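Here are the chains, one letter per residue:
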Amino acid sequence: MVDFQLTPRQMELRDIAKRFATEVMIPAAEVADRIEDPEASFNWEVIREGSKRGLRTLTVPREYGGEGADVLSCAIVGETLAYGDLGLAVAFDQTWKIMTSIANMANDEQKNRWLPKIMDDDECILATAWTEPMAGSDNVWPNQNPGAGIQSYAEKKGDRWVLNGTKRYISNGGLAKVYQIAARTDKDNPMMNSLTAFLVPSDAKGFEVTEVWDKLGQRCVQNGTLEFHDVEVPEEDQIGEVGQALPALANLFIRHGSNIQAGATVLGVAQRAYDLSLQYGHARIQGSVPLLGHQLQQIRLARMAMKIEASRSYLWRTAWSTQLEEMDRKNAMLSKVFASESAVQVCQEAMEFWGAAGYMRKNPIEKLMRDALSFLHSDGTNDVLTLKAAGFLEDPPQVDDLVYSPRVTEAAAGR
Ligand SMILES: Cc1cc2nc3c(=O)[nH]c(=O)nc-3n(C[C@H](O)[C@H](O)[C@H](O)COP(=O)(O)OP(=O)(O)OC[C@H]3O[C@@H](n4cnc5c(N)ncnc54)[C@H](O)[C@@H]3O)c2cc1C
């Protein structure tokens, strides 16, 4: 049975997140979005306050003191936080993602060592680093060439790994206290069986953030370039099996909602664009009536609502399905693609609805457009995610299948 009635706890979490988004995040983001220096815009007070309200540690298992939230609950809270600000929501969302992978991939000793540290520090946010200057989509859609994809390399020396390489565009880069790093531990094989995951603290010797990128949107969070020069990682901080990080994390990111989370957060941006437009449409008078007195503009708002509701339904159903053995994995990617494309379309409609006022930086719509654009690329480009999803298309119906149509075979044969 599919039941879209939220649990009392999900409703409670959504209310906590909504209050936090409107009371804390929106005012903070209005200031931070305008700060020119990308290294000066992050507002730590938002993280500290979010920690107090239990939002930072949403996915830490309950036995370690967290919320133990499932994928659907994270989608609901992620959307609501992004309603406040997408960049700040990403700071939380990335942290949830890595906490989930620690909870699932780490052994008990590692969990007992890392999770309490993360729980106890109100400023502890996390980052995951895959993308490199010469390895972007090749990490999302890996191929057989050993020279394609991640080239950061970790070499085993005694009881330590020695890590070298460069990562870029990393969300929470320069802010995170712990980084989940994927590096090659074998240069001669394809990425699929030569990547290993490590946890590296931000104060590790030889680790440096060399650039904080100046971005069009998501200006309230940092995206950094990370450099590793002979960084020594103790054997105990290798997470999962040697060479098996890619299949383990790829599975985790689908089942534990990386793409779904990405879609859910950008949906929050679309919802905000809609709500602001609804308010504007009642207040702004042209043609002697409010904008929403014109049927053409009513239709515009209705189409925005349709895209938002369709995105939410797709994301929630996919989030719900992650618990099923027979989950249709392509929906994890396609629901992100659909939600992010819809969010950009909704923001564009909002810009047209607001007229010139939408284009002016004094007003809130242009920021939403800049923010929404980021998820056409972040968490895998929509092109590459769609390409991957196409790999999960079903086999065609066979002659003895109920849905088989002989006419299709005839038509394909030109008859
Ligand atoms: C705001 C933001 C936050 C990010 N945060 C993180 C993070 O926290 N951690 C992290 O590791 N990375 C992060 N990234 C990086 C992101 O995952 C990459 O940008 C993405 O995977 C694409 O890589 P690329 O930018 O190098 O593009 P490229 O891979 O160079 O792609 C360029 C173009 O070619 C197309 N293309 C590529 N390969 C193929 C193919 N095989 N077939 C057809 N078309 C193809 C792409 O669709 C795209 O249109 C972030 C990016 C952004 C914008």
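Residues numbered from 1 in each chain as written. Predicted model: local features only at pLDDT ≥ 70, side-chain atom pairs only at ≥ 80, totals over all residues. Heavy atoms only, no water.

Let's talk about the site of the ligand
Around the ligand, a shell composed of 20 residues is seen, among which Trp130, Thr131, Ser137, Ser171 and Thr381 lie nearest. Measuring from a nitrogen atom of the ligand, one finds a backbone N or O atom of threonine 128 at 3.0 Å. Elements with a contribution of two residues or more to the shell around the ligand: β1 (126–129), α6 (137–140), β3 (160–171) and α13 (382–390). Its residues assigned to classes, the shell around the ligand comprises eight nonpolar, eleven polar and one charged. Two domains each donate at least three residues to the shell around the ligand, and these are domain 2 (127–245) and domain 3 (257–390). (Near = heavy atom within 4 Å. Polar contact = N/O pair within 3.5 Å; in protein donor to acceptor, adjacent residues only side chain to side chain. Helix = DSSP H or I, 4+ residues; strand = E, 2+ residues; numbered from the N terminus. Nonpolar A, V, L, I, M, F, W, Y, C, P; charged D, E, K, R; others polar. Domains from an automatic or database assignment.)

Re the nonpolar core
Ranked by internal contacts, the top residues of the largest apolar core, which has 74 residues, are Phe20, Phe42, Val46, Val77, Leu81 and Phe92. Residue contributions to this core peak at eleven residues, all from helix α8 (residues 258–283). Aside from chain neighbours lying at most four places away, what touches valine 46 is Phe20, Val24, Met25, Ala28, Leu88 and Phe92. Grouped together as the second largest cluster of nonpolar side chains are 26 residues, Met99, Cys124, Met191 and Leu246 included. (Core = buried A, V, L, I, M, F, W, Y, C linked by side-chain atoms within 4.5 Å. Buried < 20%, exposed > 50% of the residue type's maximum accessible area, 1.4 Å probe, protein only. Contact = heavy atoms within 4.5 Å.)

Details of unusual backbone geometry
Despite not being glycine, glutamine 218 has its phi angle at roughly 45 degrees, a positive value. Its place among the elements puts glutamine 218 in the loop between β6 (207–212) and β7 (223–234). Here aspartate 379, not a glycine, exhibits a phi torsion of approximately 65 degrees, which is positive. Within the element layout of this structure, aspartate 379 appears in the loop between α12 (365–373) and α13. Using a relative accessible area of 23% as the deciding quantity, one classes aspartate 379 as partly exposed.

Section: α12
Of all nine residues making up α12, eight are buried, and the element is well covered by its neighbours. Along α12, the residues classified as buried are Ile365, Glu366, Lys367, Leu368, Met369, Arg370, Asp371 and Ala372. Those residues of α12 that are buried are in contact with α1 (8–32), α4 (86–105), α8, α10 (330–353) and α11 (356–359).

Details of the side chain of glutamine 94
Inspection of the secondary structure assignment puts glutamine 94 in helix α4. Side-chain polar atoms of glutamine 94 contact the side chain of lysine 97, separated by 3.0 Å. If we skip the residues at most four places from it in the chain, glutamine 94 touches Leu126, Thr128, Ser171 and Asn172.

Some details on the domain arrangement of the protein
Assigned domains of the protein: these are domain 1 (8–125), domain 2 (127–245) and domain 3 (257–390). The distance between the C-alpha centroids of domain 1 and domain 2 comes to 22 Å. Between domain 1 and domain 2, the residue contacts involve 31 residues of the former and 25 residues of the latter. Taken together, the links from domain 1 to domain 2 amount to two salt bridges. Lysine 177 is the partner of aspartate 121 in a salt bridge, and the nearest nitrogen-oxygen pair spans 2.7 Å. Our enumeration of links across domain 1 and domain 2 arrives at 13 residue pairs in polar contact (both at pLDDT 80 or more). When contributions to the side of domain 1 that touches domain 2 are tallied by element, the ones reaching two or more residues are α1, α4 and α5 (108–120). The element contributing the most residues to the side of domain 1 that touches domain 2 is α4, with eleven residues. (Salt bridge = Lys/Arg side-chain N within 4 Å of Asp/Glu carboxyl O.)

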